[in-house]
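# Notes for the structure review
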Amino acid sequence: MASVTNLDIVNVRLPMEDEERLYRLAIRDGSWTQIQKQEADTAQPGAVSLERWTSALGAGESGIPVIDLEGKIMLPGFVDAHMHLDKSFSLTSVENLSGTLEEAVRNYSLASPSFSKEEIKSRIMRSSLQALSFGTTHIRTHLDFNLRASREVALRTIEAALEAKEALAPYIRLQLFPMCPYNFMALDVEAIEEALRMGVDGIGGAPHLSSTAKEDIDYIFQLAEKYDVPIDLHCDETDNPNMRTIEHISLKTKSEGYSGRVTVDHLCALASMTDYDAHGIIERMAEAGLKAVSLPAVNLYLQGRHDSFPVRRGVTRLKEIWEAGIPIAVASDNIHDPFHPFGRGDLMQIALIGSYAAHMGRPADLRTLLRMITDVPAEVLGLQAHSIKSGNEANFVVVDAHTPEELFTMLPERRWVYSQGSWVRMAASQAEWQEPALAQFWKEASEQVSFHRHEFAKG
């Protein structure tokens, strides 16, 4: 079994603490009990290298296994603050020939009534496990809530997500945020309350798509306050610099006393504004206490589709938002679906794409990007004890690199992932899970998704 709740780990490099020193760490009952600087890279009695260690090996002199990282980097478990797990791997049945956001929204909405609960659940399981294999231990996923099709279709996705969340709970933790459909005030809004009563973790939507954006935002705040849940909104995902629902969201957050409980995602319109306009909005975001998430890979793919050269690329003002003191994370968004045909749920890859898009390549930038996939998204999700500190739960990923520069240059495939008291990956492939239950989940979910190309109807 890979469950090991007591460990000593030596010669650890913690780039988010002190890069010049190595550390000795201790885990007891699945929580950090010691984070201690070492004098030097020294051999430890009874220590076994991470490459050679298995749970079948004996323990050290203290009766506790001692693992030697030999200077490898350890990071807190990655936190993906924005995914669409229910849509993942749907590209084989939902096309997007134009590559635009508009066609993706339209085509997925038309197709969603045909997806069974088991199919949706399998997609969520497969993409969650894939992200876990790369080091992600917590995910916030936005869920399709197609009330225009029917109440049953909308709640089917919620049921699938709740079942997947429960099945995966021993290994990876999910937060579920249903997306209120745009112009939803004329629809069955009681169904949204039903989803909140079923046990989702918050409420979302994309009000910039609505012709009644302010009314939609106001009602989302009303529901959030009624059920005491956080809000996470797709915000101004457009190249149009005049789209500014962010202004009303900022005002509403302040007036309702909801600071710290509202997250805004995408913010592509900021990339098309003048500096004067954008910096004024960013200042209001900071005053409102908003949190933010950038989706660099998907925004690069979808935005600018209606431009001739020069083509806008849509990635928000990552550095300016960060420098304004606003917690901003980078996240995966979509995997192999009509919104984004690529991606794999690897936040190191996403951070690298963000570095290209935002011109963040200085040494300090690389350290900031590491924070944007670890402690900052942990703050976005409201996780109180996620960092590698004494007393916190031990969830971490070890990468086969010794510096952030090496990490971003090589994107090491060799990773060791420890989540909730278990090694779930030991530098092996996804198909070689350490936990038998994970291996079975992976097999069953993978059988339900396919990369085979559909022959879409022509015309």
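We now turn to the structure provided with this report. All values derive from a computational prediction rather than experimental measurement.

Moving on to the overall build of the protein. Of the regular secondary structure elements, the protein holds 14 helices and 17 strands. Taken over C-alpha atoms, the radius of gyration comes to 22 Å for the protein, in line with the 23 Å a tight globule of 459 residues would show. Counting only C-alpha atoms, the protein reaches 70 × 50 × 45 Å along its principal axes. Here the protein holds 459 residues, and the buried ones make up 58% of them. Across the protein, every contact between residues at least 6 apart in sequence was considered, and the portion connecting residues at least 24 apart equals 75%.

Our focus in this paragraph is the pairing of strand β16 (residues 415–419). Where burial is concerned, most of β16 is hidden: five out of the five residues are buried. Side chains Arg415, Val417 and Ser419 of β16 all project onto a buried face; the interleaved residues Trp416 and Tyr418 project onto the opposite face, where all are buried too. Here strand β15 (residues 396–399) pairs with β16 via four bridges, running antiparallel. Looking across to β16, one finds that valine 398 is bridged to tryptophan 416. When β16 meets strand β17 (residues 422–426), the two strands line up antiparallel, connected through four bridges. Its bridge partner being in β17, tyrosine 418 is matched across the sheet by tryptophan 423. The turn linking β16 back onto β17 is made up of two residues, and glutamine 420 within it adopts a positive phi angle of 55 degrees.

For the coordinates displayed, the defined rule picks out 10 aromatic pairs. On the numbers, 5.6 Å between centres and 45 degrees between planes, the contact of tyrosine 108 with phenylalanine 115 is tilted. By relative accessible area, phenylalanine 115 is classed as buried at 3%. With a centroid separation of 6.4 Å and 75 degrees between ring planes, the pair formed by tyrosine 171 and phenylalanine 441 is classed as edge-to-face. Highlighted residues: tyrosine 171 in the loop between α3 (151–168) and β9 (173–180) and phenylalanine 441 in helix α14 (residues 436–448), separated in sequence by 270 residues. Clustering of aromatic rings is evident, with ring pairs tying together Trp32, Trp53, Phe396, Tyr418 and Trp423. Arginine 126 extends its terminal NZ or CZ atom over the ring of phenylalanine 89, reaching a point 4.7 Å from the ring centre.

Each packed pair of helices is defined by two parameters, the angle between the axes and the distance between the axes. Where α3 meets helix α4 (residues 190–198), the closest approach of the two axes is 10 Å, and the angle between their N-to-C directions is 15 degrees. As the angle between them shows, α3 and α4 are arranged roughly parallel. In terms of crossing hand, the pair formed by α3 and α4 is right-handed. Where α3 abuts α4, its residues Arg151, Leu155, Ile158, Glu159 and Leu162 lie against Glu190, Ala191, Glu194, Ala195 and Met198. Grouping the constituent residues of the contact of α3 with α4 by class yields six nonpolar, no polar and four charged.

Conventions adopted
Residue positions within a chain follow its written sequence, with the count starting from 1. In view of the model being predicted, local features appear only for residues whose pLDDT reaches at least 70, and side-chain atom pairs are presented and counted only at 80 or more, with totals across whole chains, interfaces and linings using the full set of residues. Only heavy atoms go into the side-chain values, all of them from the structure, while hydrogens and water stay out. Numbering of helices and strands starts at the N terminus; helices are DSSP runs of H or I of at least 4 residues and strands are runs of E of at least 2. Atoms considered for the radius of gyration are the C-alpha atoms alone. The globule rule reads 2.2 Å times the number of residues to the power 0.38. For the exposure calls, accessible area comes from a 1.4 Å probe over protein chains only, and a residue counts as buried if that area is under 20% of its type's maximum, exposed if over 50%, partly exposed in between. Two residues form a contact once any of their heavy atoms are found within 4.5 Å. Two strands are said to pair when DSSP picks up at least two bridges between them. Classification of ring pairs uses Phe, Tyr and Trp, with its six-membered ring standing for Trp, and accepts pairs whose centres are within 6.5 Å; under 30 degrees between planes counts as stacked, over 60 as edge-to-face, and the remaining range as tilted. Note on geometry: a ring has a charge over it if NZ (lysine) or CZ (arginine) is within 6 Å of the ring centre and within 35 degrees of the ring normal. Under this scheme, a helix contributes an axis fitted over its contacting stretch, all axes are lines through C-alpha atoms, and angles between N-to-C directions fall in the 0 to 180 degree range. Every angle not falling under 35 degrees, over 145, or within 65 to 115 is termed oblique; those three ranges are roughly parallel, roughly antiparallel and roughly perpendicular. Rotating anticlockwise by less than a right angle from the far helix to the near helix defines a left-handed crossing, while the corresponding clockwise rotation defines a right-handed one. Each residue gets one of three labels, nonpolar for Ala, Val, Leu, Ile, Met, Phe, Trp, Tyr, Cys and Pro, charged for Asp, Glu, Lys and Arg, and polar for the others, Gly among them.

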